[in-house]
Amino acid sequence: MIWNKRVYFPYNNRDFTSLWLGQAFSQLGDAVFNIAITWFILSLQNSAEVMAKTMIILHASHLAAFVLAGPLVDRFDRRKIMLYTDLLRGVLVLILGLYAFNQELKIWNLYLLTFFDGVLTALFSSAKIAIVPSIVAREDFARANALNISTASICGMMGPAVGGLLISLPAVGFSGVSMINSATFLLSALGISLIRPSHRGTTTNEISEGLWASFANGFKYVVSDRGVLRILLYY
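Keep in mind the model is a prediction, meaning the values are calculated, not measured.

1. Considering the overall build of the protein chain
Step number 1: Along its length, the protein chain carries 8 helices and 0 strands.
Step number 2: Along the protein chain, helices (α) and strands (β) appear in the sequence α-α-α-α-α-α-α-α when read from the amino end.
Step number 3: The contacts in the protein chain between residues at least 6 apart in sequence include a share of 85% that link residues at least 24 apart.
Step number 4: Roughly 13,400 Å² of accessible area belongs to the protein chain as shown, and the carbon and sulfur atoms make up 67% of that amount.

Put into structure tokens, the structure is as follows:
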């Protein structure tokens, strides 16, 4: 009997499995953390204004960085971009948790950390999208995308329940959830460190325009294409 290797995807692809499992932990941690930080802001300030400003800063920085991320991802090692941004996001969340634990968190601390988190998340997401073709065969693209999307959806559904449970435990609270989320970033970084992509990015010789010209062209394209702009604003 002849076995079709595609049936065993992703288990027959160590690189994608490492990325997928690491992201599953990280996405669940993010979903839990999003509920926890919403509760924490409202309980700390009891202010819808602070909550709204935090979300605006997060999404605005994410959108702006997404437009600029493409040229950077094309020019540098995507695996390293993912690895470093994951580690930095883990540090940011850990700092936020320590501030909260020591009851020293100020509003400007929250806004600043939120801004950098949005930028780093955009860089990571762009690099993740770009690295998949270098670790997954073309015939497995659909399976890989379906697995990524379904995993993100499951984590998104589980997050509120798990987050609500953890935040209600006095021994855990928001600071404990922050530290757990920081640990999931480390797990994701570990998975990324195991990846050995066949292609690490576009070489300098393959790039015909300068970095700033790429930024400008990318911005013009996003602004001119309403469909792309809606997608970026939605996500």
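Resuming the write-up.
2. Focus: the side chain of Q23
Step number 1: Along the chain, the position of Q23 falls in helix 1 (residues 14-45).
Step number 2: At 2.9 Å, the side chain of Q23 forms a polar contact with the side chain of S188.
Step number 3: When residues no more than four places from it in sequence are discounted, the contact partners of Q23 are D86, F124, K128 and S188.

3. Things to note about the environment of F174
Step number 1: Relative to the assigned elements, F174 resides in helix 6 (residues 173-193).
Step number 2: Using a relative accessible area of 4% as the deciding quantity, one classes F174 as buried.
Step number 3: Each C-alpha atom, one on F174 and one on A36, is 5.9 Å from the other, the two residues being 138 residues apart in sequence.

4. Quick word on the packing of aromatic side chains
Step number 1: Per the counting criterion, the structure on display carries 3 aromatic pairs.
Step number 2: A centroid spacing of 5.7 Å and a plane angle of 35° characterise the contact between F33 and F174, whose relative ring orientation is tilted. Here F33, found in helix 1, pairs with F174, found in helix 6; they are 141 residues apart in sequence, far enough to count as distant.
Step number 3: For F33, a relative accessible area of 9% translates into the label buried.

5. Side note on the packing of helix 3 (residues 78-101) against helix 6
Working note: a packed helix pair is described by the angle between its axes plus the distance between those axes.
Step number 1: Here helix 3 crosses helix 6 at 165°, and the two axes come no closer than 8 Å. Relative to helix 6, the element helix 3 is oriented roughly antiparallel. Here the hand of the crossing between helix 3 and helix 6 comes out left-handed.
Step number 2: Looking at side-chain class alone, the contact of helix 3 with helix 6 contains 15 nonpolar, 8 polar and 3 charged residues.

6. Notes on the packing of helix 1 against helix 2 (residues 48-75)
Step number 1: With their axes 8 Å apart at the nearest point, helix 1 and helix 2 run at an angle of 140° to one another. By crossing handedness, the relation of helix 1 to helix 2 is classed as right-handed. Within the contact between the two elements, helix 1 uses T38, I41, L42 and Q45 and helix 2 uses V50, M51 and T54.
Step number 2: For the contact of helix 1 with helix 2, the residue count by class is 4 nonpolar, 3 polar and no charged.

7. A word on unusual backbone geometry
Step number 1: In this model, Q103 sits at a positive phi of 55°, which is unusual for a non-glycine residue.
Step number 2: Within the fold, Q103 resides in the loop between helix 3 and helix 4 (107-131).

8. Some words on a nonpolar patch on the surface
Step number 1: Together, L94, L98, F101 and M179 make up an exposed nonpolar region whose accessible area comes to about 360 Å².
Step number 2: With 3 residues, the single largest contributor to the nonpolar patch is helix 3.
Step number 3: Relative accessible area serves as the criterion here: at 57%, F101 is assigned to the exposed category.

9. What to know about helix 1
Step number 1: Compared with an ideal rise of 1.5 Å per residue, which puts 32 residues at 46 Å, helix 1 spans 46 Å between its outermost C-alpha atoms and is within 8% of the ideal.
Step number 2: Between a side-chain oxygen at the N-terminus of helix 1 and the backbone nitrogen of D15 the separation is 3.2 Å; the capping residue is N13.

10. Some thoughts on the pattern of salt bridges
For side chains bearing opposite charge, pairing can occur when the charged atoms are close.
Step number 1: A full pass over the atoms with the stated rule returns 4 salt bridges.
Step number 2: A salt bridge links D15 to R14; the shortest N-O distance between them is 3.8 Å.
Step number 3: Classification of R14 by relative accessible area gives exposed; the value is 54%.
Step number 4: Of the charged contacts in the structure, one is a salt bridge between R78 and D74, with a shortest N-O distance of 3.6 Å.

11. Looking at the confidence of the model for the protein chain
Step number 1: Counting all residues, the mean pLDDT for the protein chain is 82, and 80% of those residues have values of 70 or more.
Step number 2: Confidence over residues 200-206 falls short of pLDDT 50; this stretch has 10 contacts with residues more than four positions distant or in other chains.

Criteria and thresholds
Residues numbered from 1 in each chain as written. Predicted model: local features only at pLDDT ≥ 70, side-chain atom pairs only at ≥ 80, totals over all residues. Heavy atoms only, no water. Helix = DSSP H or I, 4+ residues; strand = E, 2+ residues; numbered from the N terminus. Contact = heavy atoms within 4.5 Å. Areas by Shrake-Rupley, 256 points an atom, 1.4 Å probe, with all protein chains shown as cover. Polar contact = N/O pair within 3.5 Å; in protein donor to acceptor, adjacent residues only side chain to side chain. Buried < 20%, exposed > 50% of the residue type's maximum accessible area, 1.4 Å probe, protein only. Phe/Tyr/Trp six-rings, centres within 6.5 Å; stacked < 30°, edge-to-face > 60°. Axes fitted to C-alpha atoms, helices over the stretch in contact; angles between N-to-C directions. Parallel < 35°, antiparallel > 145°, perpendicular 65-115°, else oblique. Left-handed = near helix turned anticlockwise from the far one by under 90°. Nonpolar A, V, L, I, M, F, W, Y, C, P; charged D, E, K, R; others polar. Patch = residues over 30% accessible without salt bridge, like charges linked within 9 Å, V, L, I, M, F, W, Y side chains within 5 Å. Salt bridge = Lys/Arg side-chain N within 4 Å of Asp/Glu carboxyl O. Expected span 1.5 Å × (residues − 1). pLDDT = per-residue confidence, 0-100.

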